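Examination of the molecular architecture
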Amino acid sequence: MSKSFSPKVITANALIEGDVIYLAEDDAWVRDLASAEVLTDEAIAQVRLLDAQSRASEAVGVYLADVAPSEEGPQPTHFREEFRRTGPSNYFHGKQAGA
């Protein structure tokens, strides 16, 4: 029996800055997970992933990440994605400094 498809977002790293980015519904790369498009259909997710992977001049390491929908927007379901969302843990800089 096949596993059911869980909600996902497309994530990557910005080519120039290296920041964690997410694909929004309007095809823009955004840096806030709450603005990311949540994909609930496996076929659509695969097509969107292929399209995002073809944008090599903008993003690297493009992949689908599991999320849990919530009122505050999608939330990571794996510690790796939570870590990527909050940034480096050695000291406050970048997006941590602005929080």
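Presented here is an overview of the structure given in this document. (Residues numbered from 1 in each chain as written. Predicted model: local features only at pLDDT ≥ 70, side-chain atom pairs only at ≥ 80, totals over all residues. Heavy atoms only, no water.)

1. Brief notes about the overall build of the protein chain
Quick note on the threshold: By the criteria applied, helices consist of DSSP H or I runs no shorter than four residues and strands consist of E runs no shorter than two, each listed in order from the N terminus. The contact rule is simple, with two residues in contact once any of their heavy atoms fall within 4.5 Å. Accessible surface area values rest on a Shrake-Rupley calculation with a 1.4 Å probe, where residue burial reflects the displayed protein chains alone.
A count of helical and extended segments in the protein chain gives two helices and five strands. Moving toward the C terminus, one meets the helices and strands of the protein chain in the order β-β-β-α-β-β-α. Contacts in the protein chain between residues at least 24 apart in sequence constitute 52% of all its contacts with a sequence separation of at least 6. Carbon and sulfur atoms form 56% of the exposed surface of the protein chain, whose accessible area is close to 6300 Å².

2. Re the environment of Arg80
Here is the rule: Remark: exposure states derive from per-residue accessible area (1.4 Å probe, protein chains only) relative to the maximum for the residue type, with buried under 20%, exposed over 50%, and partly exposed in between.
Considering the arrangement of structural elements, one finds Arg80 in helix α2 (residues 79-86). With a relative accessible area of 43%, Arg80 lands in the partly exposed category. Sequence spacing of Arg80 and Ala65 is 15 residues, and the spatial spacing of their C-alpha atoms is 9.7 Å.

3. Description of the sheet that holds strand β1 (residues 8-14)
Convention followed: Only when DSSP finds a minimum of two bridges between them are two strands counted as paired. Helix axes use the C-alpha atoms of the stretch in contact, all axes being lines fitted to C-alpha atoms, and the angles between their N-to-C directions lie in the range 0 to 180 degrees.
The antiparallel open sheet is built from five strands, whose spatial order is β3-β2-β1-β4-β5. For this open sheet the edge positions go to β3 (29-30) and β5 (75-76), each flanked by a neighbour on one side alone. Bridge count for strand β2 (residues 20-23) against β3 is two bridges, and the pairing is antiparallel. Paired with Tyr22 across the two strands is Val30, which belongs to β3. Those strands touched by helix α1 (residues 42-53) are β1, β2, β3 and β4 (59-68), and its axis lies near 155° from that of β4.

4. Comments concerning the environment of Glu81
Residue position: Glu81 is located in helix α2. Glu81 sits 16 residues away from Ala65 along the chain, and the two C-alpha atoms are 7.5 Å apart. Beyond its immediate chain neighbours, meaning those up to four positions away, Glu81 contacts Thr11, Tyr63, Ala65 and Pro76.

5. What to know about the nonpolar core
Heads up, the rule is: By nonpolar core we mean a set of buried residues, namely Ala, Val, Leu, Ile, Met, Phe, Trp, Tyr and Cys, connected to one another through side-chain atoms within 4.5 Å.
Membership of the largest hydrophobic core comes to 13 residues, with the highest contact counts inside it found for Ile10, Trp29 and Val62. If you list the elements that add at least two residues to this core, you get β1, β2, α1 and β4. In contact with Val62, other than residues within four places in its own chain, are Ile10, Thr11, Ala12, Trp29, Leu49, Ala52 and Gln53. Listed in part, the nine residues of the second largest apolar core include Val20, Ala24, Ala36 and Val67.

The quantities given are spatial measurements derived from coordinates; they are silent on function.
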